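A structural walkthrough
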Amino acid sequence: MKKRLSTSVLWLSLVCVAFGVYGESAKDGVDSPRLNGDYVAVVSNETADDAAWKSVVQALEEKYDAKVVRYSNADVGGALAELQKLRPRYVCFVAQAGEATGAFVQTVHRLTRAIDEDPYTDCIWAILTGYDAEDALRIVREKPFQVRRVLAATPLVLDCAEAGVWFSEGTKNEKWVKEPGEEPQRVQGPDDPTEELVGLFNSGKCDLFITSGHASQRDWNIGYAYPAGRFVSQSGGKLAGLTLDRRTLPIESSAPCIHLAVGNCLIGNINSTDNCMALGLIHSAGVRQMVGYVVPTWFGYMGWGLNDYFYLQPGRYTVAEAFFANGQALIHRLETAVPGINRTINEAKGERLSLTLSPAAQELGVKPGDIRGLLFDRDVVAIYGDPAWNARMLDGQNEWEQNLSVADGEAGEKVFTITLVRKPFDNTDNNGSQRGNRPFIIFLPDRLTQAEDGSVPTTILEGEAFKPMIADDFVLIPRFNLEMGKEYKIRFSAKVR
């Protein structure tokens, strides 16, 4: 079954009689991990020996008591044997811009699934890079962060944020605004939102930036169904807005920001050490963490799911946790529909796959055509930044509460409860073909013992009808309809490693 990441540092521990309760994550400035050697920095010999980048690795060692794994000959796969010995919760791939290519991203995805025998990802990871080493050092030194104000160029549920603005990429002049304590309101937007977007960035009023629409490695088009300006990369790691009337507006912000490029093609692809969108966003726009495709996107599961886990569940997951959770949701979908597929097929090469779907595929709503899309999406989305950075939405009332209780003892009973506590958010964003219906996921405080095939020997004591997937460090429950106020319980026992 699966395992995964320990976000023990994320889950609030309370002592309740005989049980420890792990529920909504800890917030308010507590740095992420509990770490203690549970963090590994993976770096090439060339980067580790570079004077400027050496300081980045040292900063990780000091901040997280990180172990360092080096590899040679530009082969990041050479780190696998050491990662299999260490079994870390967090892995930071420190890479200069010239190393952090699209191929590197794909290799890292596959590498992090190969640490043990199950098909799931074995650590929370991210690639730490930048236009220069100072960018990476700035990311490492960033303090815990809460998103209060969101800026988007795609429809968004503004109820999840304290304040925010979104412009439609599909409808000219559509703009929505929410101020603290007020309801979202539609206002008249400009014909070309470029200047307003640049102004919001430069004023520091952008904690989270969510985008869709056409993009490439060097630009992002603000309008999708109507003409508008664009953001463009420039030499020297710079970024600018280019308006329809050809004015160039520099983007210069030092305020920390998260960028989720959920629906953009290629924007996460670092195909040059200069004049590249991802590097410009990190170097000039204050982006400390970014998620984006390294290829043209069409299916969208790995992109749009970031909204479902990070944004629509305010405060529950960090960016890296949400990225991890969405990836495991995708792998579980594949593995349920075609058992063993993740072990036998590393990439979809465009041919029509002749595969027999399991009976469970129909229950999940997986169609034959979805398999190719899921395989396509699985390894082509990059996450840049520090995987243990405690960056999350300002805590808000989620649609449901979820908690994990763990009894004392090596094989103590574990109880995962889910309770719907509010009316579901009205999802105004119908963009993206792969939205919603993501499974419930909660992290375990300690890794569970695995069999040789990677599965976790488990006894389900209650709730087997919900088809729980017990991994070595997380629990996944396929989404089902919840009744208001009713507690749903999955009770099981499994040994701690």
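Relevant structure appears above.
Given the structure is predicted, the values throughout are model-derived calculations rather than measurements.

Description of helix H12 (residues 368-378)
Along H12, the positions that sit buried rather than exposed are Asp370, Ile371, Gly373, Leu374, Leu375, Asp377 and Arg378. Residues of H12 that are buried sit in contact with helix H4 (102-111), strand S18 (287-293), helix H8 (301-311), helix H9 (319-337), helix H10 (341-344) and strand S19 (381-384).

A look at the environment of Phe167
The residue Phe167 is located in strand S9 (residues 163-167) in this model. We classify Phe167 as buried; its relative accessible area is 2%. In this structure, the C-alpha to C-alpha distance between Phe167 and Val177, residues 10 residues apart in sequence, is 9.1 Å. Each residue touching Phe167, except ones within four places of it in the same chain, is listed here: Leu151, Ala152, Ala153, Thr154, Glu174, Lys175, Pro190, Pro193, Glu196, Leu197 and Leu200.

So, unusual backbone geometry
Outside of glycine, negative phi angles account for most residues, and trans bonds account for most peptide bonds. We note that Arg87 has phi near 45°; this positive angle belongs to a residue other than glycine. Inspection of the secondary structure puts Arg87 in the loop between helix H3 (80-86) and strand S5 (90-94). Residue Arg87 is classed as partly exposed on the basis of its relative accessible area, which comes to 27%. Its identity as a non-glycine residue notwithstanding, Asn173 has a phi of 75°, on the positive side. A relative accessible area of 18% places Asn173 in the buried class.

Quick word on the pattern of salt bridges
All told, the structure shown has 23 salt bridges when counted by the stated rule. With a closest N to O distance of 2.8 Å, Arg447 and Asp472 form a salt bridge. Of this pair, Arg447 sits in the loop between strand S23 (440-443) and strand S24 (459-462) while Asp472 sits in the loop between strand S25 (469-470) and strand S26 (474-477); the two residues are 25 residues apart in sequence, bridging distant segments of the chain. Of the two residues, Arg447 and Asp472, neither departs from the other in class, the shared state being buried. The closest approach of N and O atoms between Arg497 and Asp472, which form a salt bridge, is 3.4 Å. Of this pair, Arg497 sits in the segment after strand S27 (487-493) while Asp472 sits in the loop between S25 and S26; the two residues are 25 residues apart in sequence, bridging distant segments of the chain. For Arg497, a relative accessible area of 44% corresponds to the partly exposed category. On the accessibility criterion, Asp472 (0% relative accessible area) is buried. Here the salt bridges share partners, and the residues they tie into one network are Arg110, Arg113, Arg378 and Asp379.

Describing the packing of helix H2 (residues 51-64) against helix H5 (residues 133-140)
The N-to-C vectors of H2 and H5 enclose an angle of 10°; their axes lie 9 Å apart at closest approach. Between H2 and H5, the angle is such that the two are roughly parallel. Within the contact between the two elements, H2 uses Ala52, Trp53, Ser55, Val56, Ala59, Leu60 and Lys63 and H5 uses Ala133, Ala136, Leu137 and Val140. Each residue belonging to the contact of H2 with H5 can be placed in one class, and the counts come to 9 nonpolar, 1 polar and 1 charged.

Points about the packing of aromatic side chains
Inspection of the entire model under this criterion finds 23 aromatic pairs. Judged by centre distance (4.2 Å) and plane angle (20°), the ring pair of Tyr39 and Tyr64 falls under stacked. Here the residue Tyr39 occupies a position in strand S3 (residues 39-44), and Tyr64 occupies one in helix H2, the gap between them amounting to 25 residues. Ring geometry for Phe145 versus Trp389: centroids 5.6 Å apart, planes at 20°, classification stacked. Taken together, the residues span a long stretch of sequence, with Phe145 in strand S7 (residues 145-147) and Trp389 in the loop between S19 and strand S20 (391-393) at a distance of 244 residues. In textbook terms, an aromatic cluster arises when at least three aromatic residues are bridged by ring pairs, as seen for Tyr120, Tyr309, Tyr317, Phe324, Phe443 and Phe474.

A word on the sheet that holds strand S15 (residues 238-242)
Strand order in this open sheet of 4 strands is S13-S14-S15-S16, and the pairing throughout is antiparallel. With one partner strand each, in any of the chains shown, strand S13 (219-221) and strand S16 (248-251) form the two edges of the open sheet. Taking the axes of each pair of neighbouring strands and ignoring which way they run, one obtains an average angle of 25° across the sheet. In this sheet, S15 lies alongside strand S14 (residues 230-234) in antiparallel orientation, the contact comprising 5 bridges. Each bridged residue has a counterpart across the sheet, and for Gln234 the counterpart in S15 is Lys238. Contacts from helix H6 (residues 194-202) reach S13, S14, S15 and S16 within the one sheet, and its direction differs from that of S16 by about 25°.

Some remarks on the environment of Phe201
One can find Phe201 in helix H6. Look at Phe201 and you get buried, because its relative accessible area is 2%. As a C-alpha pair, Phe201 and Ala285 span 84 residues in sequence and 7.2 Å in three-dimensional space.

Section: the side chain of Glu169
Structurally, Glu169 can be placed in the loop between S9 and strand S10 (174-178). At 9.2 Å, Arg435 is the nearest oppositely charged side chain to Glu169, a buried residue that forms no salt bridge. Here Thr154 takes part through its side chain, which lies 2.9 Å from a polar atom of the side chain of Glu169. Within the structure, the side chain of Glu169 is placed 3.5 Å from the side chain of Ser212, a separation counted as a polar contact.

Quick word on the pairing of S9
Counting buried residues in S9 gives 5 out of 5 residues, a clear majority hidden from the surface. Of the two faces of S9, the one carrying Ala163, Val165 and Phe167 and the one carrying Gly164 and Trp166 are both buried. Looking at chain direction, strand S8 (residues 149-152) and S9 are connected through 4 bridges and run parallel. When the sheet's bridge partners are listed, Ala152 is paired in S9 with Trp166. Looking at chain direction, S9 and S10 are connected through 4 bridges and run antiparallel. Looking at the pairing, Trp166 lines up with Trp176 of S10. As consecutive antiparallel partners, S9 and S10 are separated by 6 residues, and within that stretch Asn173 has a phi angle of approximately 75°, a positive value.

Let's talk about helix H7 (residues 277-284)
Burial analysis of H7 places 7 of its 8 residues in the buried class, which makes it a mostly covered element. Of the positions making up H7, those classed as buried are Met277, Ala278, Leu279, Gly280, Leu281, Ile282 and Ser284. A positive phi of about 80° marks Gly286, the residue just after H7.

Calculation notes
- Residues numbered from 1 in each chain as written.
- Predicted model: local features only at pLDDT ≥ 70, side-chain atom pairs only at ≥ 80, totals over all residues.
- Heavy atoms only, no water.
- Buried < 20%, exposed > 50% of the residue type's maximum accessible area, 1.4 Å probe, protein only.
- Helix = DSSP H or I, 4+ residues; strand = E, 2+ residues; numbered from the N terminus.
- Contact = heavy atoms within 4.5 Å.
- Salt bridge = Lys/Arg side-chain N within 4 Å of Asp/Glu carboxyl O.
- Axes fitted to C-alpha atoms, helices over the stretch in contact; angles between N-to-C directions.
- Parallel < 35°, antiparallel > 145°, perpendicular 65-115°, else oblique.
- Nonpolar A, V, L, I, M, F, W, Y, C, P; charged D, E, K, R; others polar.
- Phe/Tyr/Trp six-rings, centres within 6.5 Å; stacked < 30°, edge-to-face > 60°.
- Pairing = 2+ DSSP bridges.
- Lys, Arg positive; Asp, Glu negative; His and termini not counted.
- Polar contact = N/O pair within 3.5 Å; in protein donor to acceptor, adjacent residues only side chain to side chain.

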